[in-house]
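Coordinate inspection notes
What follows is each chain in one-letter form.
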Amino acid sequence: MKPHVLWGLAPLSLVATLAVAAPAKKPPVKYTVAPSEASIHVEKLPPTGRVEAANRAAIREPASESYLNAIQTYPYMEGALYRVYSAPDRVTDLMLEPGETVQAISAGDTARWIIGDTKSGEGAAARTHILIKPHTSGLKTNLVVLTSVRTYHLQLESTPSTYMAAVSWRYPSSPVVTVHTPAKAEPLEGNGPSPDLTKLNFGYVIEGATPAWRPRQVFDDGRKTYIVFPREAATSTAPALFLVANDGQSQLVNYRVEANGIYVLDRLIEVAELRLGTTPQTVVRLHRSDAAIVTTKSKGRRHD
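All of the points below concern the structure found in this document. (Residues numbered from 1 in each chain as written. Predicted model: local features only at pLDDT ≥ 70, side-chain atom pairs only at ≥ 80, totals over all residues. Heavy atoms only, no water.)

Assigned secondary structure in the protein consists of three helices and 23 strands. Considering only contacts within the protein whose residues lie at least 6 apart along the sequence, 59% involve residues at least 24 apart. Surface exposure of the protein reaches about 18,000 Å², of which carbon and sulfur atoms provide 56%. (Helix = DSSP H or I, 4+ residues; strand = E, 2+ residues; numbered from the N terminus. Contact = heavy atoms within 4.5 Å. Areas by Shrake-Rupley, 256 points an atom, 1.4 Å probe, with all protein chains shown as cover.)

What follows is the structure, encoded as structure tokens:
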């Protein structure tokens, strides 16, 4: 007899063998990001505790390196809470961006705080000032200022004698006029008049430390000097600018900060330094390529 049955079973045995040997499909692996200990701690707080934690994280305090004379300059950030210290018999001046107009001002305590607004300058240079004065020390309240451009949230606190004479802001890039400079020049954006492109001088050297805010470019138009910073530095702490004399002595110099963070000096410079911090201090030196090199006489450590 011919083995017909065996021939018919052979394929079935092969299928059974393959079925046993094939590995079972595993479900896809789901990856999750473990929350930080801080976020876990905050989420365990009651709702009021979460609000308080968020407000503490949003507070921006005065910094010594952000002062220009008596003006504290905060980098503007949406949703930040800016601390302002005031004192009885003293007026604190909140200086808004030129051209920015107030639409509404609301304070939590209007009985013990005197708050008003006024203007300086005319035309395009008109600037709104909000003046604040407490009746006594030991007061705390908040202030919301709504303008034609943005919203400011401030935390006001009065002390017996310490007060901030003036507060201004440095704003992220908001281009109004774009000037395409020739050759290796980069676009200059700002609110003021455009520099004369035929007189631009790019013969400046940038040396020293390499922080995130290190300028990208320095040039002048024969009358004014322009210091261009990286865009990502618009919301960081701004360095102070010092002129360095031939004898090595340095002095703080006045300058304007355009809406895009560009420093504009109404003069030419030979040697200057951008400084931030105290100990150690971060120093970036700027000098014309044809200027004599001088040594700065300064106290404390420098971080080059």
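A word on the sheet that holds strand β4 (residues 81–86). Strand order in this open sheet of five strands is β1-β4-β10-β9-β6, and the pairing throughout is mixed. Across the chains shown, the open sheet's two edge strands, defined by having one partner strand only, are β1 (59–60) and β6 (102–107). Of the pairings in the sheet, the one linking β4 to strand β10 (residues 151–158) comprises six bridges and is parallel in character. Counted as the bridge partner of Arg83 is Gln155 from β10. (Pairing = 2+ DSSP bridges.)

Consider a sheet: its strands pair through backbone hydrogen bonds, and that pairing is either parallel or antiparallel. Spatial ordering of the open sheet is given by β15-β16-β20-β19, a layout of four strands whose pairing is antiparallel. Across the chains shown, the open sheet's two edge strands, defined by having one partner strand only, are β15 (217–220) and β19 (256–257). Where strand β16 (residues 225–228) lies against strand β20 (residues 263–265), three bridges are found, and the strand directions are antiparallel. Within β20, the residue paired with Ile227 across the bridge is Tyr263.

Leu94, Leu143, Tyr152, Leu154 and Trp169 are the most contacted members of the largest nonpolar core, which totals 21 residues. Among the elements of the structure, β4, β8 (127–134), β9 (140–147), β10 and β11 (166–170) are those that each provide at least two residues to this core. Considering each element in turn, this core owes the most residues, three residues, to β10. Setting aside chain neighbours within four positions, we find Leu94 in contact with Val84, Thr128, His129, Ile130, Ile132, Leu143, Leu154 and Val167. (Core = buried A, V, L, I, M, F, W, Y, C linked by side-chain atoms within 4.5 Å. Buried < 20%, exposed > 50% of the residue type's maximum accessible area, 1.4 Å probe, protein only.)

So, about the pairing of β9. Judged by which residues are buried, β9 turns out to be one-sided: Thr141, Leu143, Val145 and Thr147 face inward and are buried, whereas Lys140, Asn142, Val144 and Leu146, on the alternate face, are not. The pairing of β6 with β9 spans five bridges and is antiparallel. When the sheet's bridge partners are listed, Ile105 is paired in β9 with Val145. Pairing analysis gives seven bridges linking β9 to β10, with the strands arranged antiparallel. Each residue of the ladder has a partner; that of Asn142, found in β10, is Gln155. A loop of three residues connects β9 with β10, the two strands running antiparallel in sequence.

To continue, consider the packing of aromatic side chains. Tallying each qualifying case throughout the model produces ten aromatic pairs. Ring geometry for Tyr74 and Tyr82: centres 5.1 Å apart, planes at 45°, overall tilted. Look at Tyr74 and you get buried, because its relative accessible area is 2%. For Tyr82, a relative accessible area of 1% puts it in the buried group. A network of ring pairs unites the aromatic residues Tyr74, Tyr76, Tyr82, Tyr152, Trp169 and Tyr171 as a single cluster. (Phe/Tyr/Trp six-rings, centres within 6.5 Å; stacked < 30°, edge-to-face > 60°.)

We now examine the environment of Leu243. Turning to its location among the elements, Leu243 is positioned in strand β17 (residues 240–244). In this structure Leu243 comes out as buried when scored by relative accessible area, which is 9%. For the pair formed by Leu243 and Glu273, sequence separation is 30 residues and the distance between their alpha carbons is 6.5 Å. Ignoring anything within four residues of it in the chain, the contact list for Leu243 reads Gln249, Ser250, Gln251, Val253, Arg267, Ile269, Val271 and Ala272.

With that settled, the discussion passes to the pattern of salt bridges. Per the counting criterion, the structure on display carries nine salt bridges. Between Arg150 and Glu97 there is a salt bridge; the shortest N-O distance is 3.0 Å. Residue Arg150 is located in the loop between β9 and β10, and its partner Glu97 is located in the loop between β5 (92–95) and β6; the two are separated by 53 residues in the primary sequence. With respect to class, Arg150 is no different from Glu97; both count as buried. For Asp266, the salt bridge is made with Arg256, and the minimal N-O distance between the two is 2.7 Å. In this pair, Asp266 sits in the loop between β20 and β21 (271–276) while Arg256 sits in strand β19, placing the two residues ten residues apart along the sequence. (Salt bridge = Lys/Arg side-chain N within 4 Å of Asp/Glu carboxyl O.)

The phi dihedral of Asn69 falls on the positive side, at around 55°, and the residue is not glycine. When its relative accessible area of 54% is taken as the criterion, Asn69 is described as exposed. One non-glycine residue, Asp89, lies in the positive phi region at around 65°. Looking at the element boundaries, Asp89 is found in the loop between β4 and β5.

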